[in-house]
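In case you want the letters, here they are:
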Amino acid sequence: MKKLIAGNWKMNGTQASAMDLISAIGIGLDENPSLTDTCDFLVCPPALHLTIVKDAIEGTNAPVSIGGQDCSANDNGAHTGDVSSDMLADIGCEYVILGHSERRADHEETSAYISEKAGRALISGLKVIICVGEQEEEREEGREFDVVAKQLRESLPNSASAANTVIAYEPVWAIGTGKAATTDDVAAMHSFIRKTLQEKLADAGDIRILYGGSVKPDNAGDLFKVENVDGALIGGASLKADQYLGIAKAV
Ligand code: PEP
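Predicted model only: the values in this text are computed from it and were never measured. (Residues numbered from 1 in each chain as written. Predicted model: local features only at pLDDT ≥ 70, side-chain atom pairs only at ≥ 80, totals over all residues. Heavy atoms only, no water.)

1. Digging into the sheet that holds strand E2 (residues 39–44)
And step 1. Taken in spatial order, the 8 strands close into a barrel running E1-E2-E3-E4-E5-E6-E7-E8, and their pairing is parallel. The sheet shows a mean angle of 25° between the axes of neighbouring strands, direction not considered.
And step 2. With 6 bridges connecting them, strand E1 (residues 3–8) and E2 associate as parallel partners. Across the sheet, the residue bridging to Asn8 is Cys44, located in E2. (Pairing = 2+ DSSP bridges. Helix = DSSP H or I, 4+ residues; strand = E, 2+ residues; numbered from the N terminus. Axes fitted to C-alpha atoms, helices over the stretch in contact; angles between N-to-C directions.)

The following block contains the structure:
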């Protein structure tokens, strides 16, 4: 299975910087075409920049998919400020990230609500990247497997399958801290996630499980060697084309 190199640009940048970033990624992929033998590329810009980034990708034929960072649980109508999954699909998104820990924290999103959003996004034909991961104190208390199992059981909609769903394991204490999980911890959690998914999905063996949390070019090689690590969800390092592509080169 190719590794999915997914960049989460979060709430960063301007139209100009988004164009610079996607154009630098396109040029880098043009210069290193063999990267697409081992990796699939995805960027998730802020909602307001999705269209210009999509247009830039189409203009250069760069082998990069785009995705949203969130979507509404509703299909359309009176939901001021929300972006629907149909809208994301309509402008050419292939993916949407759901249940990122920042949304769980900033917007008090529960796993049940994430499951509703995911079900709606799948109806729109999007693939969902469902994020799970424990807080630092939950790990210190030895509860990381229980926390992640509960998030998985409650966040996945019944329509999920390996073809339309990706799981991102992102220990919250590793996000944006420069302190990635150890390869032993990642190995244990990714294998546990795959086993837990088997309760619900007949094709759990084929589902992609990404690791996220301070992935950089210099730790990506070791992380990608870990069994059941099928790619990375990258925050900070995805805002610099050389680092984002450096992570792919580590495959
Ligand atoms: C993220 O926000 O999903 C993330 C993994 O961030 P970072 O790579 O900066 O830790």
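2. Observations concerning the nonpolar core
And step 1. The biggest cluster of nonpolar side chains holds 64 residues, and the ones touching the most others in it are Ile25, Phe41, Ile193 and Leu197.
And step 2. Ignoring any residue separated from it by four or fewer positions in sequence, one finds Leu197 in contact with Leu152, Leu156, Ile167, Ala204, Ile207 and Ile209. (Core = buried A, V, L, I, M, F, W, Y, C linked by side-chain atoms within 4.5 Å. Buried < 20%, exposed > 50% of the residue type's maximum accessible area, 1.4 Å probe, protein only. Contact = heavy atoms within 4.5 Å.)

3. Remarks on the layout of surface pockets
And step 1. Computed from the structure, the largest pocket encloses a volume of approximately 700 Å³.
And step 2. Contributing to the lining of the largest pocket are 27 residues, with Ala47, Gln69, Asp70, Arg103 and His107 lying nearest its centre.
And step 3. For the lining of the largest pocket, the secondary-structure elements that each account for two or more residues are helix H5 (101–106) and helix H6 (111–123).
And step 4. Here the lining of the largest pocket gets 3 residues from one element, more than from any other, and that element is H5.
And step 5. Looking at the lining of the largest pocket residue by residue, the classes come out as 10 nonpolar, 9 polar and 8 charged.
And step 6. The computed volume of the second largest pocket comes to approximately 200 Å³.
And step 7. Lining the second largest pocket are 19 residues, and of these Lys10, Ile175, Gly176, Gly235 and Gly236 lie nearest its centre.
And step 8. Across the lining of the second largest pocket, the residue classes break down as 6 nonpolar, 10 polar and 3 charged. (1 Å grid on protein atoms, 1.4 Å probe; cavity = no way out; pocket = protein on both sides within 12 Å on 5 of 7 lines; lining within 4 Å. Points joined across faces, edges and corners; volume = space filled by probe spheres on them. Nonpolar A, V, L, I, M, F, W, Y, C, P; charged D, E, K, R; others polar.)

4. A closer look at the site of the ligand
And step 1. Close to the ligand lie 14 residues, the nearest being Lys10, Glu170, Gly176, Ser214 and Gly235.
And step 2. For the ligand, an oxygen atom lies 2.7 Å from a polar atom in the backbone of Gly176.
And step 3. Here an oxygen atom of the ligand and a backbone polar atom of Gly236 are 2.8 Å apart.
And step 4. Protein chains shield 97% of the accessible area of the ligand, which is 300 Å² for the free molecule.
And step 5. Put simply, the ligand lies in the second largest pocket.
And step 6. For the shell around the ligand, the per-class residue count stands at 4 nonpolar, 8 polar and 2 charged. (Near = heavy atom within 4 Å. Polar contact = N/O pair within 3.5 Å; in protein donor to acceptor, adjacent residues only side chain to side chain. Areas by Shrake-Rupley, 256 points an atom, 1.4 Å probe, with all protein chains shown as cover. Sits in = over half its atoms within 2 Å of the grid points.)

5. Structural notes on the packing of aromatic side chains
Where two aromatic rings form a pair, the distance of their centres and the angle of their planes describe that pair.
And step 1. For the structure on display, the rule yields 3 aromatic pairs.
And step 2. Look at Phe41 and Tyr244: their rings are 6.0 Å apart centre to centre, the planes differ by 65°, and that puts the pair in the edge-to-face class. Taken together, the residues Phe41 in strand E2 and Tyr244 in helix H11 (residues 241–249) connect sequence positions 203 residues apart. When sorted by exposure, Phe41 lands in the same class as Tyr244, which is buried.
And step 3. For the ring pair Phe145 and Phe192, a centre distance of 5.0 Å and an interplane angle of 70° mean the geometry is edge-to-face. With Phe145 in helix H8 (residues 144–155) and Phe192 in helix H9 (residues 183–198), the pair connects residues that are 47 residues apart, well separated along the chain.
And step 4. Residue class for Phe145 comes out partly exposed when judged on its relative accessible area of 29%. (Phe/Tyr/Trp six-rings, centres within 6.5 Å; stacked < 30°, edge-to-face > 60°.)

6. Quick notes on the environment of Gly99
And step 1. In this structure, Gly99 sits in the loop between strand E4 (95–98) and H5.
And step 2. Taking the C-alpha atoms as reference points, Gly99 and Ala118, 19 residues apart in sequence, are found 9.2 Å from one another.
And step 3. Look past the residues within four positions of Gly99 in its chain and what remains in contact with it is Arg104, Glu109, Ile114 and Cys131.

7. As for empty space enclosed by the protein
And step 1. By the definition in use, this model includes 1 cavity of 30 Å³ or more.
And step 2. Considered as a void within the structure, the largest cavity measures approximately 30 Å³ in volume.
And step 3. What lines the largest cavity is simply Gly99, Ser101, Arg104, Cys131, Val132, Gly133, Glu170, Val172 and Ile175.
And step 4. Among the secondary structure elements, those contributing two or more residues to the lining of the largest cavity are H5 and strand E5 (127–132).
And step 5. Split into classes, the residues belonging to the lining of the largest cavity amount to 4 nonpolar, 3 polar and 2 charged.

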